[in-house]
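# Notes for the structure review
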Amino acid sequence: MSSSKQRDYLFDNYKAFLIVLVVIGHFIENSYDNNLFLTTLKWLIVSFHMPAFIFISGYFSKRKLPFRVLIQKLVIPYLIFELLYYFLYVVIIHKPTGLYLMYPKFSLWYLQALFFWRLLTPYVKKIPHYMIITIAAGLLIGCSTMSGNLLSIPRTLVFFPFFLAGTDFDREKLTLLRTRRNRIVAVILIAAFTVFLILNPYCRTVSPKVFYGRYNYHFLGQTLTEGILCRCICYLIGFVMALAVALLISDRKTCYSYIGTRTMAIYLFHGLVYSTIKGCSGILSDVHSPAESMLLILFCVILVGVLSIPQLSTMTAAISDIRLPHPAFSKPRLRDILSILSAPYQDPFYYSRFWWVFH
């Protein structure tokens, strides 16, 4: 049987759809308050796009990887792109920043979180009722007064249940659910949620950041009771919307299926484009009319197409395949590495310390 027949095009198509939403969601961040269309679109996107992406990541992470491989596939790309962002901010955008490796820049939190999810999942799944426990952790982290985005801890905990659900997911169950009746129900649910977002004034008084997973309840202007209840609703919406869209996505090979195999490159490089445009001009905040909104969305779709060229995917794959000295990332040295990463970047010996750990 050929490899093309073995591919699951449903997930390729779903990932292609999601990466378009990721790019659109970022590019309308500065203008979604400017008109009702962008406001509704922003709420729709953030309600499920990351839960669905993380769920799929979990589905394809059923196999336990050695610690060394996780470092190679996730930590090394993270460090390299952190450096790229740092030089972009300092040299091109002239944005004051530091090389804070424990505090991921822009969308790089996902690489950091994915590393911890893959590292911890085999151990967490040995705990009885682990799904309930991880959901409780996601709710309780919102009570924390933790400042900053240290190691992406809030997002890592909040979205962990979606990753775990993906590792437990049976593809055959989705096939059984993809009936005509269930697809009609899915369309009705999505349409009803969209109408609710349009007509409910609550969405104009509350920030869609309730879905981001990064911010605590105090930052969102919520009491602990309101925040926990709101996050429970966000969990429910995330799971339901992700499933509803999965029922509607085509499972056949399409002209855009290949994009689903190149989402990592698109995810990593679109942030550099976004940060450059945002840092060098105010055009992303000056989108008001429906025509301007549609032009911005069209630009995002074209950008996804441009960033899906094979050369960029080959580059990200090459970065993930960088060979490391065998003893460099043995588990006993993890403490040394974390100690270095947590040191102030102003330390004159900051960079030289890497040499001593890796040799």
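Residues numbered from 1 in each chain as written. Predicted model: local features only at pLDDT ≥ 70, side-chain atom pairs only at ≥ 80, totals over all residues. Heavy atoms only, no water.

## Thoughts on the side chain of Thr 121
With respect to the helices and strands, Thr 121 occurs in helix 5 (residues 109-124). When near neighbours in sequence (up to four residues on either side) are disregarded, Thr 121 contacts Phe 160, Phe 163, Leu 164 and Thr 167. (Helix = DSSP H or I, 4+ residues; strand = E, 2+ residues; numbered from the N terminus. Contact = heavy atoms within 4.5 Å.)

## Observations concerning the packing of helix 3 (residues 36-59) against helix 13 (residues 290-307)
Helix 13 packs onto helix 3 with a crossing angle of 35 degrees between their chain directions and a minimal axis gap of 9 Å. For the pair helix 3 and helix 13, the contacting residues are Phe 37, Leu 38 and Leu 41 in the first and Ser 293, Met 294 and Ile 297 in the second. (Axes fitted to C-alpha atoms, helices over the stretch in contact; angles between N-to-C directions.)

## Thoughts on the pattern of salt bridges
Evaluation of the coordinates by the stated rule reveals seven salt bridges. The partner of Asp 12 in a salt bridge is Arg 7, with the nearest N and O atoms 2.8 Å apart. Accessibility expressed as a relative area gives 41% for Arg 7, which makes it partly exposed. Lys 42 serves as the salt-bridge partner of Glu 29, at 2.6 Å between the closest nitrogen and oxygen. On the criterion of sequence distance, the pair formed by Glu 29 in the loop between helix 2 (9-27) and helix 3 and Lys 42 in helix 3 is long-range, its members being 13 residues apart. (Salt bridge = Lys/Arg side-chain N within 4 Å of Asp/Glu carboxyl O. Buried < 20%, exposed > 50% of the residue type's maximum accessible area, 1.4 Å probe, protein only.)

## Looking at the packing of aromatic side chains
To describe a pair of aromatic rings, you give the distance between the ring centres and the angle between the ring planes. If you walk through the whole model with that rule in mind, you get 25 aromatic pairs. When the ring of Trp 109 is compared with that of Tyr 110, the centres are 5.8 Å apart and the planes differ by 85 degrees; the resulting orientation is edge-to-face. Tyr 110 carries the same exposure label as Trp 109, and that label is buried. On the basis of an interplanar angle of 70 degrees and a centroid distance of 5.2 Å, the ring pair of Phe 115 and Phe 116 is categorised as edge-to-face. On the basis of relative accessibility, which here comes to 8%, the residue Phe 115 falls in the buried class. Feature note: the residues Trp 109, Tyr 110, Trp 117, Phe 159, Phe 162, Phe 163, Tyr 235, Phe 239 and Tyr 267 constitute an aromatic cluster, connected by ring pairs. (Phe/Tyr/Trp six-rings, centres within 6.5 Å; stacked < 30°, edge-to-face > 60°.)

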